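Architecture and fold: a report
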Amino acid sequence: MTANNEHDDWWKQAVVYQVYPRSFKDVNGDGLGDIAGVTEKMDYLRDLGVDAIWLSPFYPSDLADGGYDVIDYRNVDPRLGSMDDFDRMVAAAHGAGIKVIVDIVPNHTADKHIMFQEALAAGRGSAARDRYIFREGRGEHGELPPNDWQSLFGGPAWQQVDDGQWYLHIFAKEQPDLNWRNPDVHEEFKKTLRFWSDHGADGFRIDVAHGLAKDLESTPLEDMPADTVQQVLCHDFTSPLWDRREVHEIYREWRQVFDEYNPPRFAVGEAWVVPEHQHLYADTAELGQVFNFEFAEANWDVDEFRSAIRHGLEAAAETDGSTTTWVMNNHDVPRSPSRYGLPQVKGPVYHQLAHDWLLRDGTSYTEDRALGTRRARAAALMELALPGAVYIYQGEELGLFEVANIPWDRLEDPTPFNTRRNFTDKGRDGCRVPLPWVADDRADDHTGDGSADEGDYPAIASASWSPDFAAGTSFGFSPATCANGSPAAEPHLPQPLWFKDFAADVEANDKGSMLNLYRRALALRAKLLTATGDTSTFDWLDGDEGHDDVIAYARPATEGRTLTSVTNFGSEPVALPDGAVILTSAPLTDDDRLPQDATAWLVR
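Residues numbered from 1 in each chain as written. Predicted model: local features only at pLDDT ≥ 70, side-chain atom pairs only at ≥ 80, totals over all residues. Heavy atoms only, no water.

You'll find the chain entered in an unreviewed UniProt entry as Glycoside hydrolase family 13 protein, with Bifidobacterium callitrichos given as the organism.

Next up, the structure:
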């Protein structure tokens with residue numbers, strides 16, 4: 001067990017690894033990752049040095065939204081395994097000293113959830129229908145939706161049912177929004193929190209944590225602005241949909257459930273809110289922690305990262321006993337090496353240029369992968385020495401790029417199929433492609449020396465596959481054959497040929513790889529920083545504003561020492577402060593200066 005996990009407040013400075021189960025590791029050969037695959041790779045996760053794993057939804061689902069359309073909150077999707085598989089996975093994680101965090105999706109259910117099916121059958125004015133947000137339509141016969149709101153995934157935010165009423169779905173139409181004014185909804189989720197806690201879950205990640213409480217009564221629906229759904233950030237708690245004060249009553253209720261356990265369960269909220277509201281969700285009387293997404297939103301820009309650090313620390317300081325979080329990647333944003341390798345243009349919407357690049361299959365702008373990797377390595381060290389918790393998305397430790405050119409008829413995310421015209425978006429599948437574990441997992445090695453080249457991975461002869469994608473291999477994601485001896489299915493999203501250079505087995509044997517950088521950094525973080533128990537002390541090296549092109553800060557380290565992190569965003573190498581250099585993201589210059597787009601850790 002990591003030394004950090006010996007403490008009840010382990011979450012305050014944990015390194016949490018996000019597992020997107022369907023793309024992590026496939027054991028049975030059906031092309032989908034499964035719970036047993038997480039168990040199989042537990043040693044890898046232990047050796048990486050993480051304190052906890054967070055599993056994105058693994059529940060029964062029609063996958064209208066990658067598993068976030070939940071049919072049954074207290075079961076495992078049979079395509080991913082069983083409850084016994086989950087229990088074995090938890091036992092393996094705890095045996096490796098790793099905590100388990102389960103994803104909870106409380107804003108909406110799937111349209112096939114039993115409660116929604118009951119609501120459809122019960123009809124207008126029923127108690128069952130009151131668990132969701134149903135309204136009458138406009139027009140002479142109610143044939144028009146209650147208003148002109150558009151879903152975040154594109155298309156109308158209202159769906160009509162057979163008896164003529166309409167239900168709200170802020171996301172896909174298969175994801176009807178719950179009515180959190182209904183006490184049945186409260187009881188349903190308290191049961192769910194207890195169920196997974198009883199099965200060994202140590203904590204929870206709360207999806208759309210800022211969206212549960214809604215007010216659709218104070219103002220007539222038809223008078224509300226058409227862009228209300230899209231206006232997520234609100235400074236004064238007046239949005240009818242987002243970040244309302246009433247949502248905190250729900251989380252105070254949940255805290256009572258968390259505290260029924262010893263140690264108390266913890267939760268981290270996905271709350272896309274203004275920085276000054278983060279502390280409300282992170283209060284230890286509520287969830288305990290909230291994601292700070294400013295790192296994930298930032299371009300490779302010194303001012304944007306300095307602001308993200310400052311806001312994250314300020315938000316944590318406003319809470320009683322919480323810590324901030326640092327997030328560069330997750331299942332919803334383009335991978336950072338690609339973001340940092342594209343032109344760094346700040347738009348009104350974060351990562352707009354990256355989304356435009358994806359929309360054109362990665363052809364509209366030049367992706368400088370060497371530059372993107374260099375910056376991602378520097379960003380990793382800058383992030384990993386900060387106080388608080390760090391969340392790593394699977395494949396981040398391998399330095400994977402976004403897969404921009406997935407054929408459109410192979411996409412799974414609902415966004416590209418629902419958005420239109422100037423709102424068209426290709427979606428999030430490029431960061432959800434199954435992981436490469438083994439560079440050459442083909443039985444028929446054509447090179448004869450065990451190495452791999454593009455000739456080893458012929459493309460499938462199908463219009464739905466590009467010659468840039470491999471067939472006959474999954475780079476170790478799936479077994480070669482299923483239990484019945486038949487060939488394994490192709491991965492549910494296609495893997496590009498270049499994945500072979502980023503396979504975990506290749507990087508494990510390369511001292512300069514991203515994987516080994518993460519392993520060294522996490523080991524040093526645990527030994528020098530986490531072991532101090534100090535979750536908040538932070539000093540800018542040159543004051544709050546620092547050097548124009550440098551982010552430099554110091555943290556207390558073990559044995560009375562100090563760890564300093566220096567990141568150079570400028571075009572000229574910079575001199576390092578006093579101390580012994582213990583890790584760098586790139587080699588220093590001949591005169592021991594820190595080059596551009598690099599980070600160094602020093603101890604004195």
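Having seen it, we continue.
Some words on the overall build of the chain
Which entries qualify depends on this criterion: A run of DSSP states H or I qualifies as a helix once it reaches four residues; a run of E qualifies as a strand once it reaches two. Both are numbered from the N-terminal end. Only C-alpha atoms enter the radius of gyration; for comparison, a globular chain is expected to reach 2.2 Å times N to the power 0.38, where N is the number of residues. Burial status follows relative accessibility: with a 1.4 Å probe on protein chains alone, a residue under 20% of its type maximum counts as buried, one over 50% as exposed, and anything between as partly exposed. Residues count as neighbours in contact if any of their non-hydrogen atoms are within 4.5 Å of one another. For the charge count, each Lys or Arg is scored as positive and each Asp or Glu as negative, with His and the chain ends excluded. Charge positions are represented by NZ for Lys, CZ for Arg, CG for Asp and CD for Glu.
Scanning the chain for helices and strands turns up 15 helices and 16 strands. Computed over its C-alpha atoms, the radius of gyration of the chain comes to 24 Å, within 12% of the 25 Å expected for a compact globule of 604 residues. Each principal axis of the C-alpha distribution contributes one length, and for the chain these read about 80 × 60 × 45 Å. In the chain, which comprises 604 residues, the proportion classed as buried is 60%. Considering only contacts within the chain whose residues lie at least 6 apart along the sequence, 69% involve residues at least 24 apart. Considering the chain, the positive charge centre built from 54 side chains and the negative charge centre built from 102 side chains are found 1 Å apart.

Some remarks on the pattern of salt bridges
Oppositely charged side chains can form a pair if their charged atoms are brought close together. The line we're drawing: Any carboxyl oxygen of Asp or Glu within 4 Å of a side-chain nitrogen of Lys or Arg constitutes a salt bridge here.
As enumerated under the stated definition, the model contains 39 salt bridges in all. One connected set of salt bridges, linked through shared partners, spans R135, R181, D215, E217, R244 and E246.

Description of the pairing of strand β7 (residues 203–206)
Going by this rule: Pairing between two strands requires that DSSP report at least two bridges joining them.
In β7, alternate side chains face the same way, and those of G203 and R205 on one face and F204 and I206 on the other are all buried. Relative to β7, strand β3 (residues 99–104) runs parallel, the two being bridged by four bridges. Its bridge partner lying in β7, I101 is registered against G203.

Considerations on the confidence of the model for the chain
Where the model shows low pLDDT, its predicted coordinates should not be examined in detail. Under the convention used in this document: Confidence of the predictor in every single residue is expressed as pLDDT, which spans 0 to 100.
The predicted model of the chain averages 92 in pLDDT, with 95% of residues at 70 or higher. In the predicted structure, residues 443–465 sits below a pLDDT of 50 and forms 46 contacts with residues beyond four places in sequence or in another chain.

Focus: the sheet that holds strand β5 (residues 158–160)
Within a beta sheet, neighbouring strands are joined by backbone hydrogen bonds and run either parallel or antiparallel to one another. The strand order across the open sheet built from three strands is β4-β6-β5, with neighbouring strands paired in antiparallel fashion. Of all the strands in the sheet, just β4 (134–135) and β5 have a single pairing partner and so form its edges. When β5 meets strand β6 (residues 166–168), the two strands line up antiparallel, connected through three bridges. Residue pairing in the sheet places Q160 in a bridge with W166 of β6.

As for the sheet that holds strand β16 (residues 598–603)
Filter applied, for reference: Only the stretch in contact is used when fitting a helix axis, every axis being a line fitted to C-alpha atoms; angles between N-to-C directions are given from 0 to 180 degrees.
Taken in spatial order, the five strands make up an open sheet running β12-β13-β14-β16-β15, and their pairing is antiparallel. Edge positions in the open sheet fall to β12 (539–540) and β15 (580–584), since each of these has one partner strand only. Taken together, the seven bridges between strand β13 (residues 550–556) and strand β14 (residues 562–568) define a ladder with antiparallel strand orientation. Paired with A552 across the strands is V566, a residue of β14. Set on the sheet, helix α12 (residues 369–384) makes contact with β13, β14, β15 and β16; between it and β16 the angle comes to about 35°. Set on the sheet, helix α15 (residues 514–529) makes contact with β13, β14, β15 and β16; between it and β15 the angle comes to about 135°.

Overview of the environment of G66
On the secondary structure map, G66 appears in the loop between β2 (52–55) and α3 (83–95). Taking the C-alpha atoms as reference points, G66 and G570, 504 residues apart in sequence, are found 40 Å from one another. Not counting residues within four places of it along the chain, the set of residues in contact with G66 comprises Y20, R22 and R432.

So, unusual backbone geometry
A cis amide bond links N262 to the next residue, P263, at an omega of 0°. The topology assignment puts P263 in the loop between α6 (247–258) and β8 (266–269). At D243, a residue that is not glycine, the phi angle is positive and equals roughly 55°. Secondary-structure assignment places D243 in the loop between β7 and α6.

Let's talk about the nonpolar core
Threshold: As used in this record, nonpolar core signifies buried Ala, Val, Leu, Ile, Met, Phe, Trp, Tyr and Cys residues forming a set joined through side-chain atoms within 4.5 Å.
The biggest cluster of nonpolar side chains holds 122 residues, and the ones touching the most others in it are Y17, I53, W196 and W254. Looking at this core, the element that brings in the most residues is α15, giving eight residues. Here I53 is in contact with V16, Y17, V19, V38, M42, L45, M89, I98, K99, V100 and I101, once residues within four sequence places are set aside.

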